[in-house]
Amino acid sequence: MGRNSVVADLGTRVDELTRENQGLQGERDEALARVKDLTDQLSEAQDDLASARLTLRRMIRTENAP
């Protein structure tokens, strides 16, 4: 195998790895966006739960008031 062949093979491999890396970066970016969406949804659900608990406590106090 000549030097030119080795250099060409390395160039081809670098191109393959570059494409794979770009694909993985895209997947990572999509996953990070999904994590952000889910984190926002979780935060909203936690806020709703806290509000529901507060309302329930108030209702219990009102019902138990003399």
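These notes cover the structure that comes with them. (Residues numbered from 1 in each chain as written. Predicted model: local features only at pLDDT ≥ 70, side-chain atom pairs only at ≥ 80, totals over all residues. Heavy atoms only, no water.)

1. Quick word on the environment of Arg34
On the secondary structure map, Arg34 appears in helix α1 (residues 3-64). Given the relative accessible area of 47%, Arg34 is considered partly exposed. (Helix = DSSP H or I, 4+ residues; strand = E, 2+ residues; numbered from the N terminus. Buried < 20%, exposed > 50% of the residue type's maximum accessible area, 1.4 Å probe, protein only.)

2. Here we look at a positive patch on the surface
Taken together, the side chains of Arg53, Arg57, Arg58 and Arg61 make up a positively charged region of the molecular surface. Looking at where Arg58 falls in the secondary structure, it is placed in helix α1. (Patch = residues over 30% accessible without salt bridge, like charges linked within 9 Å, V, L, I, M, F, W, Y side chains within 5 Å. Areas by Shrake-Rupley, 256 points an atom, 1.4 Å probe, with all protein chains shown as cover. Salt bridge = Lys/Arg side-chain N within 4 Å of Asp/Glu carboxyl O. Lys, Arg positive; Asp, Glu negative; His and termini not counted. Charge placed at Lys NZ, Arg CZ, Asp CG, Glu CD.)

3. Remarks on the pattern of salt bridges
Counted under the stated rule, the structure contains 3 salt bridges. In this structure, Arg13 and Glu16 form a salt bridge, with 3.2 Å as the shortest nitrogen-oxygen distance. Remark: Glu16 and Arg13 occur in helix α1; sequence separation between them is 3 residues, near one turn of the helix. The salt bridge partner of Lys36 is Asp40, with a shortest N-O separation of 2.9 Å. Pair noted here: Lys36 and Asp40 are both in helix α1, with a separation of 4 residues, about one helical turn. Judged by relative accessible area, Asp40 falls into the partly exposed class, the value being 40%.

4. Some points on a nonpolar patch on the surface
Residues Leu56, Met59 and Ile60 make up a contiguous nonpolar surface patch of about 300 Å² in total accessible area. Among the structural elements, Leu56 can be located in helix α1.

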